[in-house]
Amino acid sequence: MRARIATLAVVVVLLVFAAITPGVRRHFILDIIKWDAPATAPVALPAGTGPGLTPADRVRVVLIDGLGTDSARKLPVWSSLCTNGLRLQVDVGFPTVSLPVEVSLWSGLTQQQTGVMFRSDRPLVPPLDRRGIPARVPGSIAIAEHHGFIVRSLGFAVTEPAAAEVPAKDLDPEAWAQVWQARAVEAVSSGAKLAFVHILRVDYWGHKKGGASPEYATAAAESDAILAQLHAAAPDARWFLLSDHAHLPTGGHGGEERAIRQVEHCITGPGIAPATGGLVHIVDISRAIADSLSFTLDHHSVARPMSVALKQPLDPDTAVPPLATGRAVIAVLLLVLGLAATGWSVRRWWIAPSWFVLACALLVIVRGMPTMSMPMVYAKENLFDVLDFDKRLMMRTWLVTLPIAAAATWFGLARGLSLVRVLAAQLALPIAALAAVLVACGGWSALLGAEVSPMVPRYTAFASPLMLIVAQGSAAVALAVLARFVQPASGRPRSSGTKQSGISVA
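Residues numbered from 1 in each chain as written. Predicted model: local features only at pLDDT ≥ 70, side-chain atom pairs only at ≥ 80, totals over all residues. Heavy atoms only, no water.

Draft legend 1. Structural context of the environment of methionine 376. Turning to its location among the elements, methionine 376 is positioned in helix α14 (residues 375–378). Overall, the relative accessible area of 5% leaves methionine 376 in the buried class. For the pair methionine 376 and alanine 461, spaced 85 residues apart in sequence, the C-alpha to C-alpha distance is 9.5 Å. Setting aside anything within four residues of it in sequence, one finds methionine 376 in contact with Arg25, Leu363, Arg367, Gly368, Pro370 and Met394. (Helix = DSSP H or I, 4+ residues; strand = E, 2+ residues; numbered from the N terminus. Buried < 20%, exposed > 50% of the residue type's maximum accessible area, 1.4 Å probe, protein only. Contact = heavy atoms within 4.5 Å.)

This is the structure:
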């Protein structure tokens with residue numbers, strides 16, 4: 001009787017785990033996009049001493065949101081201005097999300113130093129103070145095409161569009177769409193020492209249609225025409241032409257991919273000789289803006305004078321923050337424990353958790369290595385949606401592996417292996433892998449209620465599909481155990497004695 005109760009308890013626990021994990025995953029994703037993270041040390045940049053840019057009378061910054069390097073180099077106005085100025089490849093750091101990147105741009109502090117990781121539709125309240133550049137420039141102006149909460153977070157003296165009653169929303173967006181270009185021209189042609197124009201149509205179409213779409217290319221061309229109009233209004237100013245990230249061909253950004261993280265910037269105008277530099281960090285651009293305005297950055301900034309940044313270009317992945325040593329050690333320990341439990345339990349090759357290995361392999365082969373740039377990482381997935389073929393569900397890539405988990409469980413129990421050994425064989429490694437990934441990304445504190453974003457390169461993205469894989473694998477195992485549990489009762493009658501479950505717990 002105790003064996004039967006224990007078996008039923010295992011089935012219930014596994015099914016409950018499978019049922020609640022998609023909701024837990026959704027909570028995890030909301031934590032990623034909503035909260036900030038604890039401030040940590042910046043990445044180490046190659047150091048040196050040397051002069052920065054000379055001061056300029058007027059500084060004009062145009063940021064074309066979502067513009068990738070390949071697209072930028074096809075734009076005639078952008079390319080012409082870059083040819084006559086300093087052309088740079090810039091690593092914007094991680095994550096590659098507009099608000100965190102622009103906070104870094106205007107503060108000189110990396111995303112890890114500021115703790116701003118995503119903040120979906122959540123402006124900084126209050127905005128950047130005097131640690132940022134804009135708040136220190138009297139009369140500084142920022143004009144955004146839309147999504148004005150970003151520029152309203154940066155500490156400019158004047159920001160448009162104005163906020164609606166909900167701070168993340170713009171006041172009367174339809175009316176603003178008719179006048180924003182004229183307001184942008186007025187801003188750059190004014191006597192203000194610093195003016196910033198944020199163009200967002202490229203990013204809009206990048207999300208909607210993808211970075212390889214005709215709509216994206218059209219939006220880039222339109223942005224280039226707007227740039228021509230803006231530059232013509234103040235040709236004697238020093239201009240910074242920037243992007244904050246690129247887009248995947250099918251749309252999306254946020255992750256650590258080099259093609260998303262590294263974009264073209266140009267500085268042109270008085271005091272800038274034509275040149276081409278190597279890879280520099282976004283905070284180096286912040287230092288260049290600060291030097292142009294005769295300001296110093298926060299003393300915690302690792303930004304370098306432009307002469308140093310040009311002499312000491314970054315390695316391709318210098319700007320990606322490393323995994324904290326303590327987390328790495330614990331994650332590896334968990335994986336070792338999972339492998340040890342699997343090794344103890346596997347008596348025949350067919351009882352190994354091949355379903356889990358195959359599920360992960362199919363995910364990577366079919367959909368690619370998960371990163372925070374991929375919409376699938378954020379998407380809500382429901383098992384009932386599996387027959388809706390208008391949706392590109394992650395789970396479709398590994399559903400074929402779940403019968404393998406069920407079959408291995410069934411035959412393992414049928415061959416006389418104990419329930420504990422079969423469960424360890426099928427689930428120890430998957431559960432250990434999920435636990436290790438959550439440790440690596442700091443996800444446990446978020447899942448336990450802390451208002452913190454578990455946003456780290458690589459591991460956060462993999463946690464999202466792993467939750468679903470492990471949950472659905474657990475359900476497949478549970479159903480196989482249940483089927484094996486009821487099978488003796490539905491088979492031929494026993495001639496004598498007490499009915500047995502056919503499952504050994506020990």
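Now that the structure has been shown, the text picks up again.
Draft legend 2. Molecular detail of helix α1 (residues 2–34). The end-to-end C-alpha separation of α1 is 46 Å, in line with the 48 Å expected for 33 residues at 1.5 Å each. The largest bend in α1 is about 35°, located at threonine 21, with the proline proline 22 one to four residues further on. Of the residues making up α1, those classed as buried are Thr7, Val11, Leu14, Ala18, Thr21, Arg25, Phe28, Ile29, Asp31, Ile32 and Ile33. (Expected span 1.5 Å × (residues − 1). Bend = angle between axes of the 7 residues up to and from the residue.)

Draft legend 3. Representation of the environment of leucine 314 within the structure. In this fold, leucine 314 is placed in the loop between α11 (306–311) and α12 (325–345). Leucine 314 gets classed as buried once you look at its relative accessible area, which sits at 7%. Separated by 10 residues in sequence, leucine 314 and alanine 324 have C-alpha atoms that sit 21 Å apart. Once residues within four sequence positions are removed from consideration, leucine 314 is found in contact with Leu45, Pro46, Asp91, Leu279, Val280, His281 and Arg304.

Draft legend 4. Broad picture of the pairing of strand β7 (residues 262–268). The buried count for β7 comes to 7 of 7 residues, which makes it a mostly enclosed element. Burial along β7 is two-sided: Gln262, Glu264, Cys266 and Thr268 facing one way and Val263, His265 and Ile267 facing the other are all buried. The pairing of strand β2 (residues 86–91) with β7 spans 6 bridges and is antiparallel. Along β7, the bridge assignment pairs glutamine 89 with glutamate 264. (Pairing = 2+ DSSP bridges.)

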